[in-house]
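Fold and geometry: a report
This is what each chain is made of:
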Amino acid sequence: MTEAEAVARASAEAMWADDAASRGMGMALDAVGPGHAVLSMTIAPVMLNGLGLCHGGFIFSLADSAMAFASNSHGQAAVAQHCSVTFVRPGRRGERLVAEATERSRHGRSGIYDVRVTGQDGTTVAEFRGHTVIMAKR
């Protein structure tokens, strides 16, 4: 394991221990590496909207959490600054969603991350792009 991989793993373990939101939505941290993270979540009945489809906020949250783990994988605290999502198809009850976050740019205090959310059949559910900023030291 490289030093960068060790930092990514240690950062993820520390974050996961305190991430009640992601754990509370039933997310799992499947993989993490420098500038990369994979999280997954099964769509539970409480995540369905009035049309019986997964509420977009849960899909957004899964993508946002994947970005959080990818952007914090370098050992510096980073937070979302701006995010957008395009929903490609609905998520369905019982479906396992996978969000894979990839770092596209990291310069100074800013980062750009792309997250693809796929269904259990591998088709794209959503595409997410997020901009992050490294927090100033307190």
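Let me sum up the structure you'll find in this document. Everything quoted here is computed from the prediction, not taken from an experiment.

1. Remarks on the packing of aromatic side chains
The tally for this structure, following the rule as stated, stands at two aromatic pairs. Between W16 and F69, the aromatic rings sit 5.9 Å apart at their centres with planes inclined by 50°, giving tilted as the arrangement. Taken together, the residues W16 in helix α1 (residues 3–18) and F69 in helix α3 (residues 56–71) connect sequence positions 53 residues apart. Centroid distance F60 to F128: 5.2 Å. Interplanar angle 65°. Geometry classified as edge-to-face.

2. A word on the pattern of salt bridges
Evaluated as defined, the whole model comprises five salt bridges. One salt bridge in this structure joins R129 and D114, with 2.6 Å as the shortest N-O distance. Residue R129 is found in strand β6 (residues 124–134), and its partner D114 is found in strand β5 (residues 110–118); the two are separated by 15 residues along the sequence. Given a relative accessible area of 36%, R129 falls into the partly exposed group. In this structure D114 comes out as buried when scored by relative accessible area, which is 18%. Taking the shortest distance from any N to any O, the salt bridge between E127 and R116 comes out at 2.5 Å.

3. Side note on the pairing of strand β1 (residues 28–33)
Consecutive side chains of a regular strand alternate in pointing toward one face of the sheet and then the other. Judged from the five bridges that link them, β1 and strand β2 (residues 36–42) form a sheet pairing that is antiparallel. Paired with G33 across the strands is H36, a residue of β2. The loop that links β1 with its antiparallel partner β2 comprises two residues; one of these, G35, has a positive phi angle of about 70°.

4. Quick look at the environment of T132
Tracing the backbone shows T132 in strand β6. Residues T132 and A37 lie 95 residues apart in sequence; the distance between their C-alpha atoms is 15 Å. Not counting chain neighbours up to four residues away, the residues in contact with T132 comprise M67, S71, A78, V79, A80, Q81, R109, S110, G111 and Y113.

5. Focus on the nonpolar core
Buried together is how nonpolar side chains tend to be arranged in soluble globular proteins. L39, I59, L62, L97, V115 and V117 are the most contacted members of the largest nonpolar core, which totals 24 residues. Taken together, the elements giving at least two residues each to this core come down to β2, α3, β4 (96–107), β5 and β6. If one sorts the elements of this core by residue count, α3 sits on top with seven residues.

6. Looking at the side chain of N72
Tracing the chain through its elements places N72 in the loop between α3 and β3 (78–87). Residue N72 is classed as buried on the basis of its relative accessible area, which comes to 10%. One polar contact links the side chain of N72 to the main-chain carbonyl oxygen of A68, over a distance of 2.8 Å. In this view, N72 contacts S11, M15, A77 and A78; residues no more than four positions away in its chain are not counted.

Rules used throughout
- Residues numbered from 1 in each chain as written.
- Predicted model: local features only at pLDDT ≥ 70, side-chain atom pairs only at ≥ 80, totals over all residues.
- Heavy atoms only, no water.
- Phe/Tyr/Trp six-rings, centres within 6.5 Å; stacked < 30°, edge-to-face > 60°.
- Helix = DSSP H or I, 4+ residues; strand = E, 2+ residues; numbered from the N terminus.
- Salt bridge = Lys/Arg side-chain N within 4 Å of Asp/Glu carboxyl O.
- Buried < 20%, exposed > 50% of the residue type's maximum accessible area, 1.4 Å probe, protein only.
- Pairing = 2+ DSSP bridges.
- Contact = heavy atoms within 4.5 Å.
- Core = buried A, V, L, I, M, F, W, Y, C linked by side-chain atoms within 4.5 Å.
- Polar contact = N/O pair within 3.5 Å; in protein donor to acceptor, adjacent residues only side chain to side chain.

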